[in-house]
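So the chains spell out like this:
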Amino acid sequence: MDKVQLLHFLVSILNIISIHSCNVPDFAVIQGAFLSANRITPLSSLQKADWDKVCDPILEAIREVNQHKNDTEDVKKTLICAVWLKLLSTEEEESIEVTWKESPLFASHNGLPELNRVVFLELVRSTKSLNIYTRLLLCLPPLQLCSEIEKLVSHISSSHVRDKDIHFFFDVWWELWSCKDVHKDNTEEMFTQEVARMSSNTLKQPAKRLKLDSPDLCTSGPDLVNILFCTFRNLSDQITQPELIFKALSVSINVFFTAFLCDVGPVISTKEKLEILTEMATIKEKNNKKLGPKMIADSLKDLNTIQGLCRFKPLLLKFEDALQVIVDVAYNWNCNGLLQVEDKSSISYCVFKSKLGLQNVFAAFEKTKRCKDTVLCSIFEQKNWMTHKNVEVPDDFCAEITKTIISHKMDDYRNFALLFASETSWTTCNETYIDFLEKNQLAFREQTALIKLTKSIVGKFSSGSVDVSNYRKLMKVTADIFSALSLDHKNKVLAEVMGISKRGFFGSSMPLTVTTSFEQELNMAFNCIIQGGGGPSASSNLNTAVSLVARVAFQNPEAAVRAMCNSAIFNKGAFTIMAKMLQQLPGLSGRTSESNQDGEGNDLLCSCVKDIIKTKQMSQDEKEQLIKFLSLLMKPVMMAEGERGGEGFLLPHKVVCTFVLPNLAVCSVDLELSLQLLHSALSLDHQDGAPHWVMLCSPFPLLYVLAQLHNHSLRRWEQPTQRSRVPVWSMETQELLVTVLSALGQVVGAEVAEDPDTWSRALFWLYNKTEELDWTVRFLLKPVWGDHFKNEVPASLFAVCELPEQEWSGLDSPQYGPGTGLLAWTECCCISESLQSTMLSHLSLDQSNPDHLSMFSKGLMVALTQTLPCCSQPQWSLLLRALRALIDSGRLHVPFSLEYCDYLPLLDLRSFACDLRLSVLLLRVFQLLCGSSCSDWLSRDGWDHVGALYAHSVREMIGSLKTKLPLSQTATGSTPLVKDSENDQCKTEERESIPSQEVLFVLSQIYCHVQHVQVMLPGGQCEQLFLSSLELLSHYAAVMGAFPWSCSALESDNTRHFFTTITENLQNEEMKSVLQLKISQLVSAA
């Protein structure tokens, strides 16, 4: 042997040592035992009957080696593998020169003497290496597997067939069917490679001449099922012992079912599996087998084999032929009285397996409507052991089996965990139960199992039979299981918990220590979130916050939601993070639960917010946070790529039905809050094609209530004795009311237009109900009416406006007698731009007649006096727009004198005529409004309101002046308005083209008008007008600074004196001093 060959040999030895724990000296002991046995009788020609003569030294050597090993199976597997490869190598006539070079197990099997298949198979049987043998069989290719089984059959059938041979055959058969598909270990991998190597070497050899009369020549593929059934039939006459009969019957009938009928057989539930396993365990216990993991694992393995699909599909054997084999054998046994069981109350394990197999077959027959009247049914259906009812076993026995399956993670253990969780009688909630849950949390980390476990524990808590010390432990274990779930599964669990109880584990009375402990956990979770700055920006921090909240919400959804609502409202800026967390936890909305599609979570959150509103006094800032919080929750959640998600956490119609509809009473203190929430809900985008959610909120009664509120707001300045229950709210609320009413009208109108037949009755109901309200209300609802009704206005309007009778009709109203046409006209101009456009285009006025023009102008001023106090700011802006249109078109004549200016330079005021006339008109209106005949019309709040409207008009006029003379370019210096020039004439012409002097003049006129109105107003200290005066002076100073040549030193001195004199009339000393200080700073830079 050269060095290379020696090195290869040593490598082979090392491979064996690295793969097997059976080291070289140990295996040498076994090899020596084989050599000793070979001296007794040559193993190469050993007969089956002689095995008992030679087996003792071999079996003794194996026992000796196993005494020092923790894993005895590994020793046996190494031995079986080596012996089998030795046998295959001999049968393949493989050259030793090839084997020692290529086989890593050469050293193992080369040390063994020559042996035959009898030695190998008897060794497998004697060492109880059935599982090892079948696993190695399954490593073989199908053709070779069939060949090995045929050799096994030949061995069993040779000479005298013993009972132990038959036992061995059926054990191998059953093990082939029940062996699980698991990963091969190193030994099995090496065995597979060695078999493949031998097969490839055989293919390389010259082909031998085939014998045409060879009985083994098979033109079809191998059929293992056929081989086994044929053997069963051949051996049946030699099977006479009851134990053997029922073993053979149980194997054959169950294999028949799995091979031919499994796809139409009964499907059993986990609970039914447990019942079968329980009976199996009971039978085995009666046979002195101890209940334990191995017994349960073996029973479960058998049950899965009985109910599972066959791994070997019949290729040659037909259903009818296989059935006939079983029928023939069973018929003979039955005729010989061999199928009777004397003690049906104590049947054997094989009898029970036979019963299961037959029940499956009969159920499949029934389902397929075939073979119902076969001899097989007549043989077995009336057997006493087939009709025997299962013995009832205690619950704790079933629970013990289930816990063993779960603890050892046996097949289907997750379904058994689901069963364990749902069985309330097993929910003992004692220390043993808690310890089991703690050690097997992984088995329950599935949403359905955790839901059922939670239901069982909550039910046990409700019974009050749980030891106080175990409450918190149980909650902690289940919360730990919950925390390990994915976010999606957490939400599904939360939704189901909401269905069990909104208070989760706290649905019943709990010990004080448990409640206190949970409150501490709850407070700690929210303190961590709030102290993080009111809202973590990083996604990881948000995920952590969501996990914390989800954990406490799992234990008590109501407490968690209430805490989030409190934080969102009363912790500044926290509403954003709270809304984000709730959007991540849609399970708390309840809508992800199949049993709770109505969304009890919406009710829970709304209920918590209602309680806060009812029991706590909220500041304006806190109300704003509440509105923003609910608005965010109503918005659809955006997906990762910015795609629109599904519904928001809160359904808009739930918010409206909870916070808006109940509070829209005339005297409701929550009116503004309700309107803001309704406005937020209506502002949400709506998916086209689907009916709008607002149609779920009684939209027509809602429109009517809003219209009633608006109608009451029109009487807001009536004296208290006259208005009785007329509500008082801010103008901002009134503006919001109009906005909401208009938006709701647009939505409802669109739905009515889509399906007018459905909503026609409701439409007419609303129209009739609004008849009792102010006539202007119906115009706000014009989008709802569409073209169904004419526009109804006071009949007096037709005196000043030529309106087509096809679209307009007159109302006889006592409030609108003769001469009130312009009042109705101005009120129409305040409603909408489209209606204002109609009023302007259809105005009946003869501009060529001075008397008509004068009367119209005076009448309009009186109408403005009546309309102004009732306008909101948007309405007043609309009316100002109409006034400007009238002035620009020459239909409104407003004469004005310049009695306030002793010196008037030559100015071009044509482009400023509208602003000057509008300012004078408003001055005249206020002179009339503040006169003795009208001074008692308004309350203090009313005067503040009209002052604010006038201030708004002033700001609008300032804005108009800014557009005509922008200051931005001059202020930045990027484009000087006046360039240096050597030609003074060019400079003068350029300056004259800029209307800076005109702007200063108009500002001075408006300032004087403002001060006059300020003095005329009751109290003389309207803050809004004071601010407008400051803005006028500031802009005056800005123009002077931007265009120094516009005002000489003398002119600025005169202006200061003039402004100071006018301001002296103010009653409020503080306002007066501030304005005079501002006036003193008006110094020309010329």
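All values derive from a computational prediction rather than experimental measurement.

Asks: Before we move on, could you go through the overall build of the protein and cite the residues and values that matter?
Replies: Secondary structure summary: the protein contains 51 helices and two strands in total. Sorting the 1086 residues of the protein into buried and exposed places 51% on the buried side. Contacts in the protein between residues at least 24 apart in sequence constitute 78% of all its contacts with a sequence separation of at least 6. Only carbon and sulfur atoms are counted for the fraction: they give 51% of the accessible area of the protein, which is about 50900 Å².

Asks: Tell me about the packing of helix α23 (residues 447-463) against helix α24 (residues 468-483), and name the residues and values.
Replies: Two elements in contact, α23 and α24, have axes separated by 11 Å at closest approach and are oriented at 165 degrees. In terms of their interaxial angle, α23 and α24 are classed as roughly antiparallel. As for the relative orientation of α23 and α24, their crossing is left-handed in sense. Contacts from L450, L453, I457 and F461 in α23 reach Y471, L474, M475, T478, I481 and F482 in α24. Broken down by class, the residue content of the contact of α23 with α24 amounts to nine nonpolar, one polar and no charged.

Asks: Give a description of the confidence of the model for the protein that names residues and reports values.
Replies: Taken over all residues, the pLDDT of the protein has a mean of 86, while the share at 70 or more is 87%. Looking across the protein, the model is least confident in helix α1 (residues 3-19), with a mean pLDDT of 45, and most confident in helix α43 (residues 873-888), with 96. Contacts from residues 596-600, a stretch scored under 50 in pLDDT, to residues over four places away or in other chains number 12 contacts.

Asks: Tell me what's going on with the packing of helix α41 (residues 833-841) against α43, and back it up with residues and numbers.
Replies: Taken N-terminus to C-terminus, the directions of α41 and α43 make an angle of 25 degrees; their axes are 11 Å apart at the nearest point. As the angle between them shows, α41 and α43 are arranged roughly parallel. For α41 against α43, the interelement crossing comes out right-handed. Contacts between α41 and α43 involve E833, Q836 and L840 from the former and L878, L879, R881, A882, A885 and L886 from the latter. Taken together, the residues that form the contact of α41 with α43 break down as six nonpolar, one polar and two charged.

Asks: Describe helix α17 (residues 349-368), naming the residues involved and giving the relevant values.
Replies: Here α17 spans 29 Å end to end across 20 residues, near enough to the 28 Å set by a 1.5 Å rise per residue. Looking at the residues trailing α17, positive phi occurs at K369, about 60 degrees.

Asks: Lay out the packing of aromatic side chains in plain terms, naming residues and giving numbers.
Replies: With the rule as written, the count across this model stands at 42 aromatic pairs. Note on F232 and W333: the rings are 6.1 Å apart at their centroids and 70 degrees apart in plane angle, and the pair reads as edge-to-face. Here W333 lies in helix α16 (residues 319-335) and F232 lies in helix α12 (residues 224-235), a separation of 101 residues in the sequence. By the burial criterion, F232 is buried, and W333 matches it.

Asks: Mind laying out the environment of N440, listing which residues take part and the relevant values?
Replies: Along the polypeptide, N440 turns up in the loop between α22 (431-439) and α23. The sequence separation of N440 and S407 amounts to 33 residues, and the corresponding C-alpha distance is 6.3 Å.

Asks: Before we move on, can you summarise the environment of L522 with the specific residues and values?
Replies: You can see L522 is positioned in helix α26 (residues 512-530). Judged by its relative accessible area of 10%, L522 is buried. Considered as a pair, L522 and R551 are 29 residues apart in the sequence and their alpha carbons are 9.3 Å apart. Residues in contact with L522, not counting those within four places in the same chain, are V552, A559, A560 and A563.

Asks: Tell me about the pattern of salt bridges, and please be specific about residues and values.
Replies: Under the counting rule described, the total for this entry stands at 38 salt bridges. Between E175 and K301 there is a salt bridge whose closest N-O contact spans 2.8 Å. Residue E175 is found in helix α10 (residues 163-178), and its partner K301 is found in helix α15 (residues 293-307); the two are separated by 126 residues along the sequence. Exposure remark for E175: the relative accessible area of 11% places this residue in the buried category. On the basis of relative accessibility, which here comes to 21%, the residue K301 falls in the partly exposed class. One network of salt bridges, in which partners are shared, links K48, E122, R125, R162 and D165.

Asks: So what's going on with a negative patch on the surface? Which residues, and what values?
Replies: A contiguous patch of negative charge, built from D621, E624, E672 and E732, is present on the exposed surface. By the element assignment, E624 lies in helix α31 (residues 620-634). Residue class for E624 comes out partly exposed when judged on its relative accessible area of 35%.

Asks: Would you mind going over helix α25 (residues 487-500) in detail, with residue names and values included?
Replies: The terminal C-alpha atoms of α25 lie 20 Å apart, and with 14 residues this matches the ideal 20 Å at 1.5 Å per residue to within 8%. By the burial criterion, the buried members of α25 are K490, N491, V493, L494, A495, E496, V497 and M498.

Asks: Report on the nonpolar core, specifying residues and quantitative values.
Replies: Membership of the largest hydrophobic core comes to 352 residues, with the highest contact counts inside it found for F34, F256, F444, L706 and W825. Of all the elements, helix α13 (residues 242-261) adds the most residues to this core, at 13 residues. Apart from residues lying up to four places away in sequence, W825 is in contact with L797, V800, C801, M839, L840, L843, L860 and L886.

Asks: Run through unusual backbone geometry, naming residues and quoting values.
Replies: Backbone phi values are negative for most residues with the exception of glycine, while trans is the configuration of most peptide bonds. Although it is not a glycine, D412 adopts a positive phi angle of roughly 65 degrees. Relative to the helices and strands, D412 is located in the loop between α20 (395-407) and α21 (413-422). One non-glycine residue, S698, lies in positive phi territory at about 50 degrees. Summarising the element assignment, S698 is placed in the loop between α33 (671-682) and α34 (699-713).

Asks: Go over the side chain of T270, please, and point to the residues and values.
Replies: Its location among the elements puts T270 in helix α14 (residues 270-286). In this view, T270 contacts D412, N415, F416 and L419; residues no more than four positions away in its chain are not counted.

Asks: Which residues make up the environment of E772, and what values go with them?
Replies: Here E772 shows up in the loop between α37 (756-769) and α38 (775-780). Residues E772 and Q708, spaced 64 residues apart in sequence, show a C-alpha to C-alpha distance of 9.4 Å. Within the structure, E772 has its side chain in polar contact with the side chain of Y704 (distance 2.4 Å).

Rules and cut-offs
- Residues numbered from 1 in each chain as written.
- Predicted model: local features only at pLDDT ≥ 70, side-chain atom pairs only at ≥ 80, totals over all residues.
- Heavy atoms only, no water.
- Helix = DSSP H or I, 4+ residues; strand = E, 2+ residues; numbered from the N terminus.
- Buried < 20%, exposed > 50% of the residue type's maximum accessible area, 1.4 Å probe, protein only.
- Contact = heavy atoms within 4.5 Å.
- Areas by Shrake-Rupley, 256 points an atom, 1.4 Å probe, with all protein chains shown as cover.
- Axes fitted to C-alpha atoms, helices over the stretch in contact; angles between N-to-C directions.
- Parallel < 35°, antiparallel > 145°, perpendicular 65-115°, else oblique.
- Left-handed = near helix turned anticlockwise from the far one by under 90°.
- Nonpolar A, V, L, I, M, F, W, Y, C, P; charged D, E, K, R; others polar.
- pLDDT = per-residue confidence, 0-100.
- Expected span 1.5 Å × (residues − 1).
- Phe/Tyr/Trp six-rings, centres within 6.5 Å; stacked < 30°, edge-to-face > 60°.
- Salt bridge = Lys/Arg side-chain N within 4 Å of Asp/Glu carboxyl O.
- Patch = residues over 30% accessible without salt bridge, like charges linked within 9 Å, V, L, I, M, F, W, Y side chains within 5 Å.
- Lys, Arg positive; Asp, Glu negative; His and termini not counted.
- Charge placed at Lys NZ, Arg CZ, Asp CG, Glu CD.
- Core = buried A, V, L, I, M, F, W, Y, C linked by side-chain atoms within 4.5 Å.
- Polar contact = N/O pair within 3.5 Å; in protein donor to acceptor, adjacent residues only side chain to side chain.

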